[in-house]
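The chain contents come next:
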Amino acid sequence: MFVVIGERINTSRPAVREAVEKRDAEYIIDDVKKQAAAGATYIDVNAGARFGHETEDMQWLLGVVQDAVDTPICLDSPDPAVLEMAYALVKQPPMINSISLEGERYEAMMPFLEGKDVSVIALCMDDTGLPQDAAATVARALELAAGLEGIGIARERIFVDPLIQPIATDQTKGLMSLEAVSTIAKELPGIRFTCGLSNISYGLPQRKIINRTYLSLLMGVGLDGAIIDPLDDKIMAAVKTTDMLLGNDEWCMTYLDAVRMKQIES
Ligand code: THG
(Lines give C-alpha, C1' and ligand atoms only; values in the text may rest on other atoms or scores of the structure.)
Protein backbone atom coordinates (compact mmCIF):
# COMPACT_ATOMS: atom_id res chain seq x y z
CA MET A 1 0.00 0.00 0.00
CA PHE A 2 1.21 3.48 -0.90
CA VAL A 3 2.42 5.33 2.20
CA VAL A 4 0.66 8.68 2.51
CA ILE A 5 2.51 10.99 4.90
CA GLY A 6 0.08 13.81 5.65
CA GLU A 7 1.99 17.09 5.42
CA ARG A 8 -0.48 19.59 6.90
CA ILE A 9 0.78 19.89 10.49
CA ASN A 10 3.69 22.13 9.60
CA THR A 11 4.19 25.54 11.23
CA SER A 12 5.37 26.93 7.88
CA ARG A 13 1.67 26.89 6.94
CA PRO A 14 0.21 30.18 8.27
CA ALA A 15 -2.99 28.66 9.71
CA VAL A 16 -1.05 26.02 11.64
CA ARG A 17 1.48 28.55 12.84
CA GLU A 18 -1.35 30.69 14.22
CA ALA A 19 -3.03 27.72 15.88
CA VAL A 20 0.26 26.71 17.50
CA GLU A 21 0.93 30.29 18.67
CA LYS A 22 -2.52 30.44 20.29
CA ARG A 23 -2.34 26.83 21.51
CA ASP A 24 -5.62 26.30 19.64
CA ALA A 25 -5.97 22.54 20.06
CA GLU A 26 -9.39 22.43 18.33
CA TYR A 27 -7.91 23.52 15.02
CA ILE A 28 -5.21 20.86 15.13
CA ILE A 29 -7.62 18.11 16.27
CA ASP A 30 -10.05 18.89 13.46
CA ASP A 31 -7.25 18.91 10.88
CA VAL A 32 -5.65 15.61 11.87
CA LYS A 33 -9.02 13.86 12.14
CA LYS A 34 -9.68 14.88 8.54
CA GLN A 35 -6.22 13.70 7.44
CA ALA A 36 -6.73 10.33 9.13
CA ALA A 37 -10.19 9.93 7.57
CA ALA A 38 -8.75 10.79 4.15
CA GLY A 39 -6.27 7.92 4.38
CA ALA A 40 -3.06 9.29 5.90
CA THR A 41 -0.70 6.43 6.86
CA TYR A 42 1.38 8.80 8.98
CA ILE A 43 0.79 12.35 10.23
CA ASP A 44 3.92 14.46 9.62
CA VAL A 45 4.55 16.91 12.46
CA ASN A 46 6.97 19.76 11.71
CA ALA A 47 7.30 22.53 14.31
CA GLY A 48 10.36 24.19 12.80
CA ALA A 49 9.00 27.54 11.67
CA ARG A 50 8.71 29.45 14.94
CA PHE A 51 12.33 30.19 15.60
CA GLY A 52 13.41 29.30 19.14
CA HIS A 53 10.13 27.47 19.88
CA GLU A 54 10.59 24.16 18.08
CA THR A 55 10.99 21.95 21.16
CA GLU A 56 7.96 23.27 23.06
CA ASP A 57 5.81 23.48 19.89
CA MET A 58 6.68 19.89 18.95
CA GLN A 59 5.83 18.69 22.48
CA TRP A 60 2.48 20.45 22.44
CA LEU A 61 1.60 19.25 18.93
CA LEU A 62 2.47 15.63 19.72
CA GLY A 63 0.17 15.69 22.74
CA VAL A 64 -2.74 17.18 20.80
CA VAL A 65 -2.32 15.05 17.67
CA GLN A 66 -1.99 11.75 19.53
CA ASP A 67 -5.04 12.48 21.69
CA ALA A 68 -7.06 13.06 18.49
CA VAL A 69 -6.03 10.13 16.25
CA ASP A 70 -4.29 6.74 16.40
CA THR A 71 -2.36 7.34 13.17
CA PRO A 72 1.41 6.99 13.69
CA ILE A 73 3.56 10.12 13.56
CA CYS A 74 6.27 11.17 11.12
CA LEU A 75 8.63 13.28 13.25
CA ASP A 76 9.92 16.02 10.93
CA SER A 77 12.94 18.03 12.09
CA PRO A 78 16.50 18.58 10.91
CA ASP A 79 17.59 18.71 14.58
CA PRO A 80 18.60 15.35 16.09
CA ALA A 81 17.99 16.68 19.62
CA VAL A 82 14.37 17.56 18.73
CA LEU A 83 13.86 14.13 17.15
CA GLU A 84 15.23 12.38 20.23
CA MET A 85 12.99 14.40 22.55
CA ALA A 86 9.98 13.76 20.30
CA TYR A 87 10.72 10.05 20.02
CA ALA A 88 10.24 9.74 23.78
CA LEU A 89 6.70 11.17 23.41
CA VAL A 90 5.25 9.00 20.64
CA LYS A 91 2.85 6.18 21.45
CA GLN A 92 3.53 4.09 18.35
CA PRO A 93 6.65 3.35 16.29
CA PRO A 94 7.20 6.56 14.32
CA MET A 95 8.78 7.50 11.03
CA ILE A 96 11.91 9.57 11.69
CA ASN A 97 12.22 12.46 9.18
CA SER A 98 15.14 12.51 8.74
CA ILE A 99 18.77 11.46 8.56
CA SER A 100 21.19 12.69 5.88
CA LEU A 101 24.90 12.45 5.14
CA GLU A 102 25.52 15.94 6.53
CA GLY A 103 28.36 15.25 8.99
CA GLU A 104 26.99 16.56 12.28
CA ARG A 105 23.49 15.30 11.64
CA TYR A 106 24.70 11.84 10.61
CA GLU A 107 27.00 11.50 13.63
CA ALA A 108 24.20 12.48 16.02
CA MET A 109 21.48 10.39 14.37
CA MET A 110 23.27 7.05 14.05
CA PRO A 111 23.69 6.24 17.77
CA PHE A 112 20.16 7.49 18.42
CA LEU A 113 18.62 5.25 15.73
CA GLU A 114 20.58 2.12 16.64
CA GLY A 115 18.25 -0.60 17.86
CA LYS A 116 15.11 1.59 17.66
CA ASP A 117 11.76 0.31 16.39
CA VAL A 118 11.35 3.01 13.72
CA SER A 119 11.13 3.71 10.02
CA VAL A 120 13.59 6.31 8.74
CA ILE A 121 13.63 8.82 5.89
CA ALA A 122 17.13 9.01 4.40
CA LEU A 123 17.69 12.35 2.64
CA CYS A 124 20.23 12.22 -0.22
CA MET A 125 21.91 15.37 1.12
CA ASP A 126 25.52 15.82 2.27
CA ASP A 127 27.74 18.69 3.39
CA THR A 128 28.10 19.83 -0.23
CA GLY A 129 24.29 20.21 -0.50
CA LEU A 130 21.81 18.74 -2.96
CA PRO A 131 22.91 16.02 -5.40
CA GLN A 132 23.68 17.44 -8.84
CA ASP A 133 22.98 14.32 -10.90
CA ALA A 134 21.35 10.90 -10.61
CA ALA A 135 24.69 9.16 -9.99
CA ALA A 136 25.30 11.34 -6.91
CA THR A 137 21.77 10.62 -5.61
CA VAL A 138 22.33 6.88 -6.06
CA ALA A 139 25.75 6.95 -4.35
CA ARG A 140 24.32 8.81 -1.35
CA ALA A 141 21.35 6.46 -1.06
CA LEU A 142 23.66 3.44 -1.08
CA GLU A 143 25.85 4.96 1.62
CA LEU A 144 22.88 5.86 3.82
CA ALA A 145 21.26 2.44 3.39
CA ALA A 146 24.52 0.62 4.21
CA GLY A 147 24.94 2.69 7.37
CA LEU A 148 21.33 2.22 8.51
CA GLU A 149 21.24 -1.50 7.75
CA GLY A 150 24.54 -1.74 9.64
CA ILE A 151 22.86 -0.51 12.84
CA GLY A 152 19.94 -2.90 12.48
CA ILE A 153 17.31 -0.86 10.59
CA ALA A 154 15.61 -3.29 8.20
CA ARG A 155 15.77 -2.27 4.54
CA GLU A 156 11.94 -2.21 4.31
CA ARG A 157 11.95 0.54 6.95
CA ILE A 158 14.36 2.79 5.08
CA PHE A 159 12.62 5.42 2.91
CA VAL A 160 15.08 7.09 0.55
CA ASP A 161 14.18 10.71 -0.30
CA PRO A 162 15.94 11.63 -3.58
CA LEU A 163 15.30 15.35 -2.97
CA ILE A 164 13.19 16.69 -5.79
CA GLN A 165 14.54 19.89 -7.40
CA PRO A 166 12.82 22.59 -9.54
CA ILE A 167 12.26 21.78 -13.21
CA ALA A 168 11.85 25.50 -14.04
CA THR A 169 15.56 26.26 -13.72
CA ASP A 170 16.92 23.00 -15.19
CA GLN A 171 14.86 20.78 -17.47
CA THR A 172 16.93 17.70 -16.52
CA LYS A 173 15.75 17.73 -12.87
CA GLY A 174 12.59 15.74 -13.58
CA LEU A 175 14.45 12.85 -15.20
CA MET A 176 17.21 13.06 -12.61
CA SER A 177 15.07 11.80 -9.71
CA LEU A 178 13.22 9.29 -11.92
CA GLU A 179 16.54 7.78 -12.95
CA ALA A 180 17.85 7.81 -9.38
CA VAL A 181 14.78 6.07 -7.92
CA SER A 182 14.79 3.48 -10.69
CA THR A 183 18.49 2.66 -10.18
CA ILE A 184 18.33 2.58 -6.37
CA ALA A 185 15.31 0.24 -6.53
CA LYS A 186 17.36 -2.19 -8.64
CA GLU A 187 20.51 -1.91 -6.49
CA LEU A 188 18.66 -2.31 -3.18
CA PRO A 189 15.64 -4.57 -3.69
CA GLY A 190 13.05 -3.97 -0.98
CA ILE A 191 14.17 -0.41 -0.17
CA ARG A 192 11.37 2.15 0.05
CA PHE A 193 11.10 5.71 -1.23
CA THR A 194 9.33 8.88 -0.28
CA CYS A 195 9.63 12.55 -1.19
CA GLY A 196 8.15 15.99 -0.89
CA LEU A 197 6.86 16.96 -4.32
CA SER A 198 6.40 20.69 -4.25
CA ASN A 199 10.00 21.54 -5.25
CA ILE A 200 9.47 20.13 -8.74
CA SER A 201 6.98 22.91 -9.57
CA TYR A 202 8.74 25.79 -7.81
CA GLY A 203 8.62 28.94 -9.94
CA LEU A 204 5.88 27.70 -12.29
CA PRO A 205 2.13 28.43 -12.39
CA GLN A 206 -0.57 25.79 -11.70
CA ARG A 207 1.76 23.85 -9.44
CA LYS A 208 -0.61 21.11 -8.36
CA ILE A 209 -1.01 19.55 -11.81
CA ILE A 210 2.80 19.40 -12.05
CA ASN A 211 3.12 17.86 -8.57
CA ARG A 212 0.58 15.13 -9.13
CA THR A 213 1.71 14.26 -12.64
CA TYR A 214 5.28 13.94 -11.40
CA LEU A 215 4.03 11.79 -8.53
CA SER A 216 2.57 9.32 -11.04
CA LEU A 217 5.84 9.22 -12.99
CA LEU A 218 7.81 8.56 -9.80
CA MET A 219 5.38 5.80 -8.78
CA GLY A 220 6.06 4.21 -12.15
CA VAL A 221 9.74 3.73 -11.23
CA GLY A 222 9.10 2.56 -7.67
CA LEU A 223 8.13 5.48 -5.41
CA ASP A 224 5.94 3.93 -2.71
CA GLY A 225 5.27 6.88 -0.45
CA ALA A 226 5.07 10.67 -0.48
CA ILE A 227 4.63 13.63 1.83
CA ILE A 228 1.41 15.09 0.48
CA ASP A 229 -1.84 16.74 1.53
CA PRO A 230 -4.37 13.92 2.04
CA LEU A 231 -7.19 16.49 1.86
CA ASP A 232 -6.23 17.28 -1.75
CA ASP A 233 -8.75 15.00 -3.51
CA LYS A 234 -7.00 15.28 -6.84
CA ILE A 235 -3.61 14.10 -5.63
CA MET A 236 -5.23 11.25 -3.67
CA ALA A 237 -7.17 10.28 -6.81
CA ALA A 238 -3.89 10.26 -8.75
CA VAL A 239 -2.29 7.99 -6.12
CA LYS A 240 -5.14 5.46 -6.22
CA THR A 241 -5.46 5.51 -10.00
CA THR A 242 -1.70 5.11 -10.52
CA ASP A 243 -1.53 2.30 -7.96
CA MET A 244 -4.26 0.48 -9.87
CA LEU A 245 -2.49 1.00 -13.21
CA LEU A 246 0.74 -0.39 -11.72
CA GLY A 247 -1.01 -3.62 -10.74
CA ASN A 248 -1.28 -2.94 -7.01
CA ASP A 249 -5.08 -3.00 -6.75
CA GLU A 250 -6.58 -6.46 -7.08
CA TRP A 251 -9.78 -6.40 -9.17
CA CYS A 252 -9.46 -2.58 -9.08
CA MET A 253 -11.30 -2.76 -5.75
CA THR A 254 -9.72 0.27 -4.09
CA TYR A 255 -10.25 2.35 -7.22
CA LEU A 256 -13.88 1.28 -7.52
CA ASP A 257 -14.56 1.93 -3.82
CA ALA A 258 -13.09 5.42 -4.17
CA VAL A 259 -15.27 6.14 -7.21
CA ARG A 260 -18.35 4.90 -5.36
CA MET A 261 -17.51 7.23 -2.47
CA LYS A 262 -17.14 10.07 -5.01
CA GLN A 263 -13.45 10.52 -4.15
CA ILE A 264 -12.46 10.02 -7.78
CA GLU A 265 -14.08 11.80 -10.70
CA SER A 266 -12.85 12.24 -14.25
N1 THG B 1 11.26 15.70 2.28
C2 THG B 1 11.13 15.27 3.55
N3 THG B 1 10.44 15.98 4.48
C4 THG B 1 9.89 17.17 4.14
C5 THG B 1 10.01 17.66 2.85
C6 THG B 1 10.71 16.89 1.88
N7 THG B 1 9.19 17.88 5.09
C8 THG B 1 8.75 19.23 4.80
C9 THG B 1 8.36 19.37 3.35
N10 THG B 1 9.40 18.86 2.50
C11 THG B 1 7.06 18.62 3.08
N12 THG B 1 5.97 19.23 3.77
C13 THG B 1 5.22 20.28 3.24
C14 THG B 1 4.25 20.85 4.06
C15 THG B 1 3.44 21.87 3.60
C16 THG B 1 3.59 22.33 2.31
C17 THG B 1 4.55 21.76 1.49
C18 THG B 1 5.36 20.72 1.96
C19 THG B 1 2.71 23.41 1.83
N20 THG B 1 2.79 23.73 0.51
C21 THG B 1 2.13 24.79 -0.20
C22 THG B 1 2.97 26.07 -0.15
O23 THG B 1 4.18 25.96 0.08
O24 THG B 1 2.44 27.12 -0.40
C25 THG B 1 0.77 25.10 0.27
C26 THG B 1 -0.15 23.98 -0.01
C27 THG B 1 -1.50 24.33 0.54
O28 THG B 1 -1.65 24.29 1.77
O29 THG B 1 -2.36 24.66 -0.27
O30 THG B 1 1.94 23.97 2.57
O31 THG B 1 10.86 17.26 0.70
N32 THG B 1 11.66 14.09 3.89
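Everything here concerns the structure above.
Residues numbered from 1 in each chain as written. Predicted model: local features only at pLDDT ≥ 70, side-chain atom pairs only at ≥ 80, totals over all residues. Heavy atoms only, no water.

By the criterion of burial, strand E2 (residues 42-46) is predominantly enclosed, with five of the five residues buried. Side chains of E2 alternate between two faces, with Tyr42, Asp44 and Asn46 and Ile43 and Val45 buried alike. Here strand E1 (residues 3-10) pairs with E2 via four bridges, running parallel. Following the sheet pairing, Ile5 is matched in E2 by Tyr42. Relative to strand E3 (residues 73-76), E2 runs parallel, the two sharing three bridges. Counterpart to Ile43 in the pairing with E3 is Ile73. As a crossover connection, the stretch from E2 through helix H3 (residues 54-68) into E3 is right-handed. (Buried < 20%, exposed > 50% of the residue type's maximum accessible area, 1.4 Å probe, protein only. Helix = DSSP H or I, 4+ residues; strand = E, 2+ residues; numbered from the N terminus. Pairing = 2+ DSSP bridges. Right-handed = clockwise from strand over helix to strand, strands pointing away.)

Mapped onto the elements of the fold, Leu218 is located in helix H8 (residues 207-220). Discounting chain neighbours no more than four positions away, the residues touching Leu218 are Ile164, Ser177, Leu178, Val181, Cys195, Leu197 and Leu223. (Contact = heavy atoms within 4.5 Å.)

Turning next to the pattern of salt bridges. Evaluated as defined, the whole model comprises 15 salt bridges. The residue Arg17 makes a salt bridge to Glu21 at a minimum N-O spacing of 3.3 Å. Residue Arg17 and its partner Glu21 are both found in helix H1 (residues 14-21); the two are separated by four residues, about one turn of the helix. Taking the relative accessible area as the measure of exposure, Arg17 reaches 33% and is therefore partly exposed. Residue class for Glu21 comes out partly exposed when judged on its relative accessible area of 43%. A salt bridge links Lys91 to Asp67; its shortest N-O distance comes to 3.6 Å. Taken together, the residues Lys91 in the loop between helix H4 (80-87) and strand E4 (95-99) and Asp67 in helix H3 connect sequence positions 24 residues apart. (Salt bridge = Lys/Arg side-chain N within 4 Å of Asp/Glu carboxyl O.)

A separate point is the environment of Leu144. With respect to the element layout, Leu144 can be found in helix H6 (residues 134-150). Its relative accessible area of 1% is what places Leu144 among the buried residues. As for Leu144 and Gly115, which are separated by 29 residues in sequence, their C-alpha atoms are 16 Å apart. With near-sequence residues (within four places) excluded, Leu144 lies in contact with Ile99, Ser100, Leu101, Tyr106, Ala122, Leu123 and Cys124.

These figures capture arrangement, not role.
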